[in-house]
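Architecture and fold: a report
Here is what each chain is made of, one letter per residue.
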Amino acid sequence: MEDTLKTAFADALGIEKETITDTLTYNTIDEWDSIAHMTLIGEIEDVFEIMLDTDDIIDMSSFAKAKEIVAKYLGQ
């Protein structure tokens, strides 16, 4: 799941997969702004075939938090 999520981040944000770590957070890189956040949400929903609720979209402020949120939807 983590590798697939890294790929989704890399594709949505246009960054290198190797730069994605748990410490990557919203608005700490130019590529992850509010517009890119919605692109990222769409990518995650498509890749994992889930529909995130509004609270989870707002709470997704880092790669670490994204892992936690996606795991919840996948029942992990």
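Residues numbered from 1 in each chain as written. Predicted model: local features only at pLDDT ≥ 70, side-chain atom pairs only at ≥ 80, totals over all residues. Heavy atoms only, no water.

1. Notes on the overall build of the protein chain
Basically, it comes down to this: Secondary structure elements follow DSSP: runs of H or I of four or more residues count as helices, runs of E of two or more count as strands, with numbering from the N terminus. Only C-alpha atoms enter the radius of gyration; for comparison, a globular chain is expected to reach 2.2 Å times N to the power 0.38, where N is the number of residues. To sort residues, take the accessible area from a 1.4 Å probe on protein chains only and compare it with the maximum for the residue type: under 20% means buried, over 50% means exposed, and anything in between is partly exposed. By the convention used here, residues are in contact when the closest approach between their heavy atoms is within 4.5 Å. Areas reported here follow the Shrake-Rupley algorithm with a probe of radius 1.4 Å; residue values treat only the protein chains shown as occluding. The convention is simple: Lys and Arg are positive, Asp and Glu are negative, and His and the chain ends are not counted. By convention, charge coordinates are those of NZ in Lys, CZ in Arg, CG in Asp, or CD in Glu.
Secondary structure assignment for the protein chain yields 4 helices and 0 strands. Taken from N to C terminus, the helices and strands of the protein chain fall in the order α-α-α-α. Taking 11 Å as the expected radius of gyration for a compact globule of 76 residues, we find that the protein chain reaches 11 Å, a close match to that expectation. In terms of its C-alpha atoms, the protein chain occupies a principal-axis envelope of roughly 30 × 25 × 20 Å. Each of the 76 residues in the protein chain was classed as buried or not, and the buried ones make up 38%. Intrachain contacts of the protein chain at a sequence separation of at least 6 include 49% that bridge at least 24 residues. Within the structure as shown, the protein chain displays about 4400 Å² of accessible surface, and the carbon and sulfur contribution to it stands at 48%. Of the charged side chains in the protein chain, 5 are positive and 18 negative, and the gap between their average positions amounts to 7 Å.

2. Focus on helix α2 (residues 34-48)
Our working rule: For a helix, the expected span equals 1.5 Å multiplied by the residue count minus one. What qualifies as a polar contact is a pair of N or O atoms within 3.5 Å, subject to a donor-acceptor requirement within protein and to the restriction that residues adjacent in sequence count only when both atoms come from side chains.
Counted at 1.5 Å a residue, the expected span for α2 with its 15 residues is 21 Å, and the 21 Å between its end C-alpha atoms agrees. Among the residues of α2, Ala36, His37, Leu40, Ile41, Ile44, Glu45 and Phe48 are the ones counted as buried. Taken together, the buried residues of α2 touch α1 (2-13), α3 (54-59) and α4 (63-74). Where α2 begins, one side-chain oxygen reaches toward the backbone nitrogen of Ile35, 3.3 Å away; that side chain belongs to Asp33. Looking one or two residues past α2, Glu49 carries a phi angle of roughly 55 degrees, positive in sign.

3. Focus on the packing of α1 against α2
Defined as follows: Think of each axis as a best-fit line through the C-alpha atoms, taken over the contacting stretch in the case of a helix, with angles from 0 to 180 degrees between the N-to-C directions. Between 65 and 115 degrees an angle is taken as roughly perpendicular, under 35 as roughly parallel, over 145 as roughly antiparallel, and anywhere else as oblique. It is the rotation of the near helix from the far one that decides the hand of a crossing: anticlockwise by less than a right angle makes it left-handed, clockwise makes it right-handed.
Between α1 and α2, the least distance of the axes is 9 Å, while the angle of their chain directions is 140 degrees. One element, α1, and the other, α2, form an angle in the oblique class. Note that α1 runs across α2; the crossing there is right-handed. Each of Thr4, Leu5, Ala8, Phe9, Asp11, Ala12 and Leu13 in α1 lies in contact with α2, whose residues at this interface are Ala36, Thr39, Leu40, Glu43, Ile44, Val47 and Phe48.

4. Here's the deal with α1
For α1, which comprises 12 residues, the first-to-last C-alpha distance of 16 Å matches the rise-based estimate of 16 Å (1.5 Å per residue) to within 8%. Within the span of α1, buried status applies to Leu5, Ala8, Phe9, Ala10, Ala12 and Leu13. For α1, the elements touching its buried residues are α2 and α4.

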